Amino acid sequence: MSVAADDFAHVFPIGAPRQDWTRDEVRALFDLPFTELMFRAQSVHRQNFDPAEVQISTLLSIKTGGCPEDCAYCPQSARYDAGVRAEKLMALDAVLAEARAAKAAGASRFCMGAAWREPKDRDLDAVCAMVEGVKALGLEACATLGMLTAPQACRLKEAGLDFYNHNLDTSPEFYEQIITTRTYQDRLETLDRVRDAGIAVCCGGIVGMGESREDRVGMIATLASLPVHPESVPINMLVSVAGTRLARQNALDGIEFVRTVAVARIAMPRSVVRLSAGREDMSEETQALCFLAGANSIFYGPKLLTTPNPGRDRDRELMHKLGLSPME
Ligand code: SF4
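Residues numbered from 1 in each chain as written. Predicted model: local features only at pLDDT ≥ 70, side-chain atom pairs only at ≥ 80, totals over all residues. Heavy atoms only, no water.

## Some details on the overall build of the chain
Assigned secondary structure in the chain consists of eleven helices and twelve strands. On C-alpha atoms alone, the chain measures out to a radius of gyration of 19 Å, which is about the 20 Å that the 2.2 N^0.38 rule sets for 328 residues. Overall size of the chain, expressed as C-alpha extent along the three principal axes, is 60 × 40 × 35 Å. Here the chain holds 328 residues, and the buried ones make up 56% of them. Here the chain displays about 13,600 Å² of accessible surface, and carbon together with sulfur accounts for 52% of that area. Averaging the coordinates of the 36 positive side-chain charges in the chain and doing the same for the 44 negative ones gives two points 4 Å apart. (Helix = DSSP H or I, 4+ residues; strand = E, 2+ residues; numbered from the N terminus. Rg over C-alpha atoms; globule rule 2.2 N^0.38 Å. Buried < 20%, exposed > 50% of the residue type's maximum accessible area, 1.4 Å probe, protein only. Areas by Shrake-Rupley, 256 points an atom, 1.4 Å probe, with all protein chains shown as cover. Lys, Arg positive; Asp, Glu negative; His and termini not counted. Charge placed at Lys NZ, Arg CZ, Asp CG, Glu CD.)

## Considerations on the environment of Ser232
Along the chain, the position of Ser232 falls in strand 7 (residues 232-237). Classification of Ser232 by relative accessible area gives buried; the value is 1%. For the pair Ser232 and Tyr164, spaced 68 residues apart in the sequence, the C-alpha separation amounts to 9.6 Å. Here Ser232 is in contact with Arg109, Phe163, Val201, Cys202, Cys203, Val272 and Arg274, once residues within four sequence places are set aside. (Contact = heavy atoms within 4.5 Å.)

## Some details on helix 6 (residues 150-159)
Taken residue by residue, helix 6 has Gln152, Ala153, Leu156 and Ala159 as its buried positions. End-on, the buried residues of helix 6 take up no more than an arc of 120 degrees, which puts them together on one face. Summarising the geometry of helix 6, the exposed residues directed more than 90 degrees from the buried face are Pro151 and Glu158. The inward-facing, buried residues of helix 6 contact helix 5 (121-136), strand 4 (163-165) and helix 7 (184-196). Within two residues after helix 6, Gly160 carries a phi angle of roughly 110 degrees, on the positive side. (Arc of directions from axis to C-beta.)

## Examining the confidence of the model for the chain
On average, residues of the chain score 91 in pLDDT, and 92% of them reach the 70 mark or higher. Looking over the chain, one finds the lowest element-wise mean pLDDT in helix 1 (residues 5-11), namely 47, and the highest in helix 8 (residues 213-224), namely 98. Confidence drops under a pLDDT of 50 for residues 1-6, and excluding neighbours within four residues, the segment shows five contacts in the predicted structure. (pLDDT = per-residue confidence, 0-100.)

## Considerations on the packing of aromatic side chains
Throughout the structure, instances matching the rule amount to one aromatic pair. The ring of Trp21 carries the charged tip of Arg18 above its face, separated from the ring centre by 4.3 Å. The ring of Phe299 carries Arg274 above its face, with NZ or CZ at 4.8 Å from the centroid. (Phe/Tyr/Trp six-rings, centres within 6.5 Å; stacked < 30°, edge-to-face > 60°. Lys NZ or Arg CZ within 6 Å of the ring centre and 35° of its normal.)

## Details of the nonpolar core
Ranked by internal contacts, the top residues of the largest apolar core, which has 92 residues, are Leu145, Leu156, Ile220 and Phe257. Residue contributions to this core peak at eight residues, all from helix 9 (residues 254-267). Once residues within four sequence positions are removed from consideration, Ile220 is found in contact with Val26, Phe30, Ile235, Thr260, Val263, Ala264, Ala267 and Met268. In this structure, Cys111, Ala200, Cys202 and Phe299 belong to the second largest nonpolar core, which totals seven residues. (Core = buried A, V, L, I, M, F, W, Y, C linked by side-chain atoms within 4.5 Å.)

## A few points about the packing of helix 2 (residues 23-30) against helix 8
Axis separation between helix 2 and helix 8 bottoms out at 9 Å; the angle between their running directions is 125 degrees. Judged by the angle between their axes, helix 2 and helix 8 are oblique. Regarding helix 2 and helix 8, the two cross each other, and that crossing is right-handed. Contacts from Arg23, Val26, Arg27 and Phe30 in helix 2 reach Arg213, Glu214, Arg216, Val217, Gly218, Ile220 and Ala221 in helix 8. Broken down by class, the residue content of the contact of helix 2 with helix 8 amounts to five nonpolar, one polar and five charged. (Axes fitted to C-alpha atoms, helices over the stretch in contact; angles between N-to-C directions. Parallel < 35°, antiparallel > 145°, perpendicular 65-115°, else oblique. Left-handed = near helix turned anticlockwise from the far one by under 90°. Nonpolar A, V, L, I, M, F, W, Y, C, P; charged D, E, K, R; others polar.)

## Notes on helix 2
Considered for burial, the residues of helix 2 that qualify are Glu25, Val26, Leu29 and Phe30. Taken end-on, helix 2 shows its buried residues confined to a sector of 145 degrees, consistent with a single buried face.

## Topic: the pattern of salt bridges
Applying the stated criterion to the full structure yields 23 salt bridges. Residues Arg182 and Glu69 are paired through a salt bridge, measuring 2.7 Å at the closest nitrogen-oxygen approach. Pair noted here: Arg182 is in the loop between strand 4 and helix 7 and Glu69 is in the loop between strand 1 (53-63) and helix 4 (92-104), with a separation of 113 residues, a long-range link. The exposure class assigned to Glu69 is buried, which follows from its relative accessible area of 2%. Of the charged contacts, one joins Glu284 and Lys321 as a salt bridge, the two residues approaching to 2.6 Å between their closest N and O atoms. Placement of Glu284 in helix 10 (residues 284-292) and of Lys321 in helix 11 (residues 312-322) is noted, with a sequence separation of 37 residues between them. (Salt bridge = Lys/Arg side-chain N within 4 Å of Asp/Glu carboxyl O.)

Now the structure itself:
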């Protein structure tokens, strides 16, 4: 396939990020020869970031299990018997001890996840104290607590929250096969409230849940058409957990995962694209291809909420091997 010069210029989003991506354009990126796609993604990446830097985040489950939602992939849903015990919200001191350890290990952002449909106001008081404590340590603070009202988003902002994570998970069309207890529109509204409160948005999705490529196209096109691109875009590979509805899901091909990362990089050129869940089962070579495709953030630490993640030593070794260093 030859690539015409004007086609080339069109796909390189030099200048301000675009919010008018069409599905046809996103699909055309997915359909490119792999080498061409990687070249474009790496070129866009270099226009916007230092290609040798990776942002390091640590994720802690501050309230595990017992969630009333029915997300098909999630071992924390109370609807599945996935061996996750419902726990209470962690105490402030314990959370801050974890944050200190994360900082000492090189993390610049500390993310706190709670398995709630939405936080109750009294829970929010406790989370706001955690956010203040994390900020006082000199770390960026991120939280993922489910749906938020506008006043709750404002309270988190006042406490100093930098980022709020709320994923779209997949395409609007495939969504109902994954979650029935909240709508796609509910998610978009929470994202609007977070944005309106002045908190940076962390929003991405999960691939390998049995969706088609067209659903991956739809997910990226939706993310890239938000009024402002999410500052952080986590791309997760499904971790199939026994007991959940997706326990027997066949793994997605690694090259297709790398393509998804590359298309996210091109469509959202200034967003930090995070290689999130699923790294534990990914080869070093696939992870290296993801970095080449424009991924520039990872979660550090042995656990991602309740699923395994590569240990810090393994990650340090991989970063060293690839000559990558932590983003300040
Ligand atoms: S993904 Fe979040 S909202 Fe869905 S079941 Fe798990 S903890 Fe609950």
